[in-house]
Amino acid sequence: MQHKDDDVPMLILGGGSNLLLLEDYQGSVIQVATKGIDVSEDQAHFYLKVAAGENWHELVCETLKLGMPGLENMALIPGTVGAAPIQNIGAYGVELCQVCDWVEYLDLQTGGITRLEAADCGFGYRESIFKNELKGRAVITSVGLKLPKDWQPKLSYGPLQSLAEETKVTAPMIFKQVCQVRQEKLPNPTVLGNAGSFFKNPVVAAADYLKLAERFPDLVGYAQQDGTVKLAAGWLIDKAGLKGFQMGAAAVHDKQALVLVNKGGASGEDVANLAREIIRQVQTRFGVELLPEPRIFAATGERSL
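Bear in mind the structure is a predicted one, so any value in this text is a computation, not a measurement. (Residues numbered from 1 in each chain as written. Predicted model: local features only at pLDDT ≥ 70, side-chain atom pairs only at ≥ 80, totals over all residues. Heavy atoms only, no water.)

A. Fine view of a nonpolar patch on the surface. On the surface, Ile-37, Val-39 and Leu-66 cluster together into a nonpolar patch covering about 230 Å² of accessible area. By secondary structure assignment, the location of Leu-66 is in the loop between α1 (56–65) and α2 (84–87). Residue Leu-66 is classed as partly exposed on the basis of its relative accessible area of 47%. (Patch = residues over 30% accessible without salt bridge, like charges linked within 9 Å, V, L, I, M, F, W, Y side chains within 5 Å. Areas by Shrake-Rupley, 256 points an atom, 1.4 Å probe, with all protein chains shown as cover. Salt bridge = Lys/Arg side-chain N within 4 Å of Asp/Glu carboxyl O. Helix = DSSP H or I, 4+ residues; strand = E, 2+ residues; numbered from the N terminus. Buried < 20%, exposed > 50% of the residue type's maximum accessible area, 1.4 Å probe, protein only.)

B. Molecular detail of the UniProt feature "active site" (unreviewed entry) in the protein. UniProt tags Arg-126, Ser-197 and Glu-293 as "active site" (unreviewed entry). For this annotated set, covering 168 residues, all C-alpha atoms fall within 11.8 Å of each other, a compact arrangement in space. For Arg-126, the position within the fold is in the loop between β9 (113–117) and β10 (138–148). Not counting the four nearest positions on each side in its chain, Arg-126 is found in contact with Gln-87, Asn-88, Ile-89, Gly-90, Glu-95, Lys-131, Lys-200 and Glu-293. Among the polar contacts made by the side chain of Arg-126, one reaches the main-chain carbonyl oxygen of Asn-88 at a distance of 3.2 Å. Examined against the element boundaries, Glu-293 turns out to sit in the loop between α6 (268–286) and β18 (295–298). Once residues within four sequence positions are removed from consideration, Glu-293 is found in contact with Asn-18, Gln-87, Arg-126, Ser-197, Phe-198, Phe-199 and Lys-200. (UniProt positions renumbered as here; feature names shortened; annotations may be inferred. Contact = heavy atoms within 4.5 Å. Polar contact = N/O pair within 3.5 Å; in protein donor to acceptor, adjacent residues only side chain to side chain.)

C. Structural detail: the packing of α1 against helix α3 (residues 171–185). Between α1 and α3, whose axes approach to 11 Å, the crossing angle comes to 155 degrees. The orientation of α1 with respect to α3, classified from their angle, is roughly antiparallel. Here α1 and α3 pass one another in a crossing that is left-handed. Contact with α1, carried on its side by His-57, Val-60, Cys-61 and Leu-64, involves Ala-171, Phe-175 and Cys-179 of α3 and no other residues of that element. Residue composition of the contact of α1 with α3, by class: 6 nonpolar, 1 polar and no charged. (Axes fitted to C-alpha atoms, helices over the stretch in contact; angles between N-to-C directions. Parallel < 35°, antiparallel > 145°, perpendicular 65-115°, else oblique. Left-handed = near helix turned anticlockwise from the far one by under 90°. Nonpolar A, V, L, I, M, F, W, Y, C, P; charged D, E, K, R; others polar.)

Following this line, the structure appears as C-alpha coordinates:
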(Lines give C-alpha, C1' and ligand atoms only; values in the text may rest on other atoms or scores of the structure.)
Protein backbone atom coordinates (compact mmCIF):
# COMPACT_ATOMS: atom_id res chain seq x y z
CA MET A 1 0.00 0.00 0.00
CA GLN A 2 1.39 3.44 -0.97
CA HIS A 3 0.69 6.91 0.39
CA LYS A 4 -1.67 8.74 -1.93
CA ASP A 5 0.80 11.52 -2.70
CA ASP A 6 4.20 9.83 -2.68
CA ASP A 7 6.06 6.55 -3.02
CA VAL A 8 6.54 5.81 0.68
CA PRO A 9 5.04 2.38 1.49
CA MET A 10 2.35 2.31 4.16
CA LEU A 11 1.31 -0.52 6.46
CA ILE A 12 -2.14 -0.42 8.06
CA LEU A 13 -1.90 -2.29 11.34
CA GLY A 14 -4.53 -3.72 13.67
CA GLY A 15 -3.07 -5.73 16.54
CA GLY A 16 -0.13 -7.05 14.51
CA SER A 17 -0.77 -10.64 15.63
CA ASN A 18 -1.12 -11.96 12.06
CA LEU A 19 2.10 -10.51 10.63
CA LEU A 20 5.52 -11.98 10.02
CA LEU A 21 8.09 -9.21 9.56
CA LEU A 22 11.17 -10.43 7.72
CA GLU A 23 13.11 -7.20 8.29
CA ASP A 24 12.61 -3.65 9.55
CA TYR A 25 9.75 -2.01 7.65
CA GLN A 26 10.92 1.02 5.62
CA GLY A 27 7.69 2.97 5.49
CA SER A 28 4.87 4.47 7.52
CA VAL A 29 2.92 2.27 9.92
CA ILE A 30 -0.59 3.41 10.80
CA GLN A 31 -2.32 1.61 13.65
CA VAL A 32 -6.11 1.64 13.70
CA ALA A 33 -7.05 2.25 17.35
CA THR A 34 -10.65 3.51 17.11
CA LYS A 35 -13.06 2.37 19.83
CA GLY A 36 -16.81 2.07 20.21
CA ILE A 37 -19.60 -0.52 20.26
CA ASP A 38 -23.17 0.47 19.36
CA VAL A 39 -25.97 -2.04 19.94
CA SER A 40 -29.51 -2.11 18.55
CA GLU A 41 -32.05 -4.90 18.22
CA ASP A 42 -35.30 -6.07 16.72
CA GLN A 43 -37.44 -9.08 17.59
CA ALA A 44 -35.09 -11.57 15.94
CA HIS A 45 -31.55 -10.15 16.20
CA PHE A 46 -29.04 -8.04 18.06
CA TYR A 47 -27.14 -5.67 15.75
CA LEU A 48 -23.68 -4.42 16.68
CA LYS A 49 -21.65 -1.67 15.05
CA VAL A 50 -18.07 -2.15 16.24
CA ALA A 51 -15.15 0.20 15.62
CA ALA A 52 -12.17 -1.41 13.87
CA GLY A 53 -9.74 -0.80 16.73
CA GLU A 54 -11.69 -2.80 19.31
CA ASN A 55 -9.96 -5.96 20.59
CA TRP A 56 -11.73 -9.04 19.22
CA HIS A 57 -11.59 -11.19 22.35
CA GLU A 58 -12.75 -8.31 24.54
CA LEU A 59 -15.73 -7.90 22.18
CA VAL A 60 -16.58 -11.60 22.61
CA CYS A 61 -16.46 -11.16 26.41
CA GLU A 62 -18.61 -8.02 26.26
CA THR A 63 -21.33 -9.63 24.10
CA LEU A 64 -21.61 -12.58 26.49
CA LYS A 65 -21.77 -10.24 29.47
CA LEU A 66 -24.66 -8.41 27.77
CA GLY A 67 -26.49 -11.69 27.05
CA MET A 68 -25.83 -11.66 23.28
CA PRO A 69 -24.35 -15.08 22.40
CA GLY A 70 -22.98 -16.09 19.01
CA LEU A 71 -19.28 -15.23 19.12
CA GLU A 72 -18.21 -17.65 21.89
CA ASN A 73 -16.60 -20.22 19.53
CA MET A 74 -14.20 -17.50 18.38
CA ALA A 75 -12.96 -16.57 21.87
CA LEU A 76 -9.27 -15.78 22.34
CA ILE A 77 -8.59 -15.18 18.65
CA PRO A 78 -5.95 -12.44 18.84
CA GLY A 79 -6.20 -9.17 16.95
CA THR A 80 -8.70 -6.41 16.30
CA VAL A 81 -12.25 -6.32 14.98
CA GLY A 82 -11.12 -4.46 11.84
CA ALA A 83 -8.73 -7.26 10.93
CA ALA A 84 -11.38 -9.96 11.41
CA PRO A 85 -13.09 -9.62 7.98
CA ILE A 86 -9.78 -9.57 6.09
CA GLN A 87 -8.96 -13.14 7.12
CA ASN A 88 -12.59 -14.14 7.70
CA ILE A 89 -11.40 -15.35 11.10
CA GLY A 90 -12.85 -18.54 12.45
CA ALA A 91 -12.43 -21.25 15.07
CA TYR A 92 -14.19 -24.33 16.40
CA GLY A 93 -16.79 -24.51 13.65
CA VAL A 94 -17.74 -20.82 13.37
CA GLU A 95 -16.44 -18.17 10.95
CA LEU A 96 -16.92 -14.42 10.98
CA CYS A 97 -18.96 -14.57 7.75
CA GLN A 98 -21.72 -16.41 9.66
CA VAL A 99 -22.29 -13.43 11.99
CA CYS A 100 -21.14 -10.53 9.79
CA ASP A 101 -23.84 -8.12 8.59
CA TRP A 102 -21.68 -5.54 6.79
CA VAL A 103 -18.20 -3.99 6.66
CA GLU A 104 -17.41 -0.28 6.30
CA TYR A 105 -14.10 0.89 4.92
CA LEU A 106 -12.23 4.02 3.91
CA ASP A 107 -11.47 3.89 0.18
CA LEU A 108 -7.94 5.24 -0.20
CA GLN A 109 -8.52 5.99 -3.88
CA THR A 110 -11.65 8.10 -3.47
CA GLY A 111 -11.36 9.17 0.18
CA GLY A 112 -14.96 8.09 0.75
CA ILE A 113 -16.50 5.63 3.20
CA THR A 114 -18.11 2.57 1.61
CA ARG A 115 -20.34 -0.03 3.23
CA LEU A 116 -20.28 -3.56 1.82
CA GLU A 117 -22.98 -6.05 2.72
CA ALA A 118 -21.57 -9.37 3.97
CA ALA A 119 -22.70 -11.14 0.79
CA ASP A 120 -20.47 -8.79 -1.24
CA CYS A 121 -17.32 -9.29 0.88
CA GLY A 122 -16.13 -12.37 -1.02
CA PHE A 123 -15.81 -14.39 2.17
CA GLY A 124 -14.16 -17.81 1.92
CA TYR A 125 -11.87 -19.90 4.07
CA ARG A 126 -9.41 -17.28 5.40
CA GLU A 127 -10.33 -15.20 2.36
CA SER A 128 -12.19 -12.00 1.57
CA ILE A 129 -12.41 -9.20 -0.97
CA PHE A 130 -10.05 -7.25 1.33
CA LYS A 131 -7.23 -9.71 0.60
CA ASN A 132 -7.96 -9.66 -3.13
CA GLU A 133 -9.74 -6.98 -5.17
CA LEU A 134 -9.59 -4.34 -2.41
CA LYS A 135 -6.10 -5.19 -1.18
CA GLY A 136 -4.11 -1.99 -0.65
CA ARG A 137 -7.18 0.15 -1.23
CA ALA A 138 -9.48 -0.41 1.74
CA VAL A 139 -8.94 0.50 5.40
CA ILE A 140 -11.72 -1.11 7.44
CA THR A 141 -13.26 1.40 9.84
CA SER A 142 -16.13 -0.57 11.40
CA VAL A 143 -17.83 -3.96 11.25
CA GLY A 144 -21.53 -4.79 11.61
CA LEU A 145 -22.46 -8.01 13.38
CA LYS A 146 -25.88 -9.69 13.43
CA LEU A 147 -26.49 -12.13 16.29
CA PRO A 148 -29.73 -14.16 16.28
CA LYS A 149 -31.75 -14.15 19.49
CA ASP A 150 -32.80 -17.71 18.72
CA TRP A 151 -29.28 -18.87 19.56
CA GLN A 152 -28.19 -22.44 18.81
CA PRO A 153 -24.90 -23.88 20.13
CA LYS A 154 -22.31 -24.90 17.52
CA LEU A 155 -20.70 -28.07 18.88
CA SER A 156 -19.53 -29.92 15.76
CA TYR A 157 -15.84 -29.24 16.23
CA GLY A 158 -13.70 -31.84 18.10
CA PRO A 159 -13.19 -30.50 21.63
CA LEU A 160 -16.75 -29.14 21.82
CA GLN A 161 -18.50 -32.40 20.95
CA SER A 162 -18.31 -33.56 24.56
CA LEU A 163 -20.59 -30.66 25.53
CA ALA A 164 -23.36 -32.11 23.36
CA GLU A 165 -24.02 -34.65 26.11
CA GLU A 166 -25.02 -31.87 28.51
CA THR A 167 -28.75 -31.30 28.93
CA LYS A 168 -28.53 -27.53 28.47
CA VAL A 169 -25.48 -26.07 26.78
CA THR A 170 -24.95 -22.34 27.31
CA ALA A 171 -22.75 -19.87 25.45
CA PRO A 172 -20.56 -19.28 28.55
CA MET A 173 -19.95 -23.06 28.73
CA ILE A 174 -18.70 -23.04 25.13
CA PHE A 175 -16.63 -19.91 25.81
CA LYS A 176 -14.98 -21.56 28.82
CA GLN A 177 -14.22 -24.77 26.89
CA VAL A 178 -12.76 -22.88 23.90
CA CYS A 179 -10.55 -20.75 26.17
CA GLN A 180 -9.36 -23.83 28.04
CA VAL A 181 -8.47 -25.72 24.85
CA ARG A 182 -6.72 -22.73 23.28
CA GLN A 183 -4.71 -22.02 26.43
CA GLU A 184 -3.62 -25.65 26.68
CA LYS A 185 -2.57 -25.93 23.04
CA LEU A 186 -1.54 -22.45 21.96
CA PRO A 187 1.34 -20.56 23.58
CA ASN A 188 0.72 -17.07 24.92
CA PRO A 189 2.52 -14.72 22.46
CA THR A 190 3.54 -12.43 25.34
CA VAL A 191 5.44 -15.38 26.87
CA LEU A 192 6.59 -17.34 23.80
CA GLY A 193 6.73 -15.41 20.53
CA ASN A 194 4.47 -16.87 17.84
CA ALA A 195 2.08 -15.87 15.07
CA GLY A 196 -0.69 -18.27 16.07
CA SER A 197 -1.75 -20.96 13.60
CA PHE A 198 0.84 -20.48 10.87
CA PHE A 199 -0.73 -22.60 8.12
CA LYS A 200 -4.20 -22.75 6.61
CA ASN A 201 -5.94 -26.11 6.71
CA PRO A 202 -5.59 -27.33 3.09
CA VAL A 203 -8.76 -28.14 1.15
CA VAL A 204 -8.59 -31.13 -1.23
CA ALA A 205 -10.92 -32.96 -3.59
CA ALA A 206 -12.86 -35.85 -2.05
CA ALA A 207 -11.06 -38.35 -4.30
CA ASP A 208 -7.66 -37.10 -3.08
CA TYR A 209 -8.84 -37.35 0.52
CA LEU A 210 -9.92 -40.98 0.00
CA LYS A 211 -6.55 -41.88 -1.54
CA LEU A 212 -4.72 -40.31 1.39
CA ALA A 213 -7.05 -42.01 3.89
CA GLU A 214 -6.15 -45.39 2.40
CA ARG A 215 -2.49 -44.73 3.18
CA PHE A 216 -3.15 -42.96 6.49
CA PRO A 217 -6.32 -44.35 8.16
CA ASP A 218 -6.07 -41.85 11.01
CA LEU A 219 -6.09 -38.88 8.60
CA VAL A 220 -8.12 -35.97 10.01
CA GLY A 221 -10.50 -34.34 7.55
CA TYR A 222 -13.74 -32.33 7.63
CA ALA A 223 -16.24 -32.64 4.78
CA GLN A 224 -17.23 -29.28 3.26
CA GLN A 225 -20.59 -28.33 1.77
CA ASP A 226 -19.14 -28.17 -1.75
CA GLY A 227 -17.94 -31.79 -1.60
CA THR A 228 -14.30 -31.00 -0.86
CA VAL A 229 -12.53 -32.04 2.34
CA LYS A 230 -10.59 -29.74 4.67
CA LEU A 231 -7.53 -31.49 6.11
CA ALA A 232 -6.03 -30.66 9.49
CA ALA A 233 -2.70 -28.98 8.73
CA GLY A 234 -1.53 -29.62 12.28
CA TRP A 235 -2.09 -33.36 11.81
CA LEU A 236 -0.09 -33.37 8.55
CA ILE A 237 2.84 -31.56 10.19
CA ASP A 238 2.72 -33.84 13.23
CA LYS A 239 2.48 -37.00 11.09
CA ALA A 240 5.49 -35.82 9.09
CA GLY A 241 7.44 -36.02 12.37
CA LEU A 242 7.90 -32.26 12.65
CA LYS A 243 6.36 -31.50 16.06
CA GLY A 244 9.20 -29.89 18.04
CA PHE A 245 11.36 -29.62 14.88
CA GLN A 246 13.76 -26.68 15.15
CA MET A 247 15.86 -24.63 12.72
CA GLY A 248 18.02 -22.11 14.53
CA ALA A 249 15.85 -20.43 17.16
CA ALA A 250 12.61 -21.01 15.22
CA ALA A 251 10.68 -24.18 16.07
CA VAL A 252 7.44 -26.08 15.61
CA HIS A 253 5.58 -25.87 18.92
CA ASP A 254 5.81 -29.17 20.81
CA LYS A 255 2.13 -29.09 21.87
CA GLN A 256 0.50 -27.85 18.65
CA ALA A 257 2.28 -28.50 15.36
CA LEU A 258 0.35 -25.73 13.60
CA VAL A 259 2.15 -23.06 15.62
CA LEU A 260 5.68 -21.84 14.88
CA VAL A 261 7.48 -20.30 17.84
CA ASN A 262 10.49 -18.10 18.49
CA LYS A 263 12.67 -19.83 21.08
CA GLY A 264 14.60 -16.59 21.57
CA GLY A 265 16.46 -14.52 19.02
CA ALA A 266 14.90 -15.97 15.87
CA SER A 267 14.59 -13.51 13.00
CA GLY A 268 11.58 -13.29 10.70
CA GLU A 269 13.68 -14.93 8.00
CA ASP A 270 14.45 -17.83 10.38
CA VAL A 271 10.71 -18.40 10.83
CA ALA A 272 10.18 -18.17 7.05
CA ASN A 273 12.95 -20.73 6.43
CA LEU A 274 11.36 -23.11 8.92
CA ALA A 275 7.95 -22.63 7.28
CA ARG A 276 9.40 -23.38 3.84
CA GLU A 277 10.99 -26.59 5.14
CA ILE A 278 7.69 -27.71 6.68
CA ILE A 279 5.88 -27.02 3.39
CA ARG A 280 8.54 -29.03 1.51
CA GLN A 281 8.35 -32.04 3.82
CA VAL A 282 4.54 -32.14 3.94
CA GLN A 283 4.39 -31.85 0.13
CA THR A 284 6.89 -34.71 -0.23
CA ARG A 285 5.09 -36.98 2.22
CA PHE A 286 1.45 -36.31 1.41
CA GLY A 287 1.37 -34.46 -1.92
CA VAL A 288 -0.50 -31.62 -0.20
CA GLU A 289 0.60 -27.99 -0.35
CA LEU A 290 0.41 -25.95 2.86
CA LEU A 291 -0.12 -22.19 2.59
CA PRO A 292 0.83 -19.67 5.30
CA GLU A 293 -1.93 -17.89 7.18
CA PRO A 294 -0.06 -14.77 8.44
CA ARG A 295 0.71 -11.89 6.10
CA ILE A 296 4.43 -11.68 5.36
CA PHE A 297 6.17 -8.30 5.04
CA ALA A 298 9.64 -7.35 3.84
CA ALA A 299 11.18 -3.86 4.06
CA THR A 300 8.90 -2.20 1.52
CA GLY A 301 5.75 -4.29 1.45
CA GLU A 302 3.97 -7.60 1.49
CA ARG A 303 5.53 -10.61 -0.20
CA SER A 304 5.00 -14.34 -0.53
CA LEU A 305 6.85 -16.86 1.58
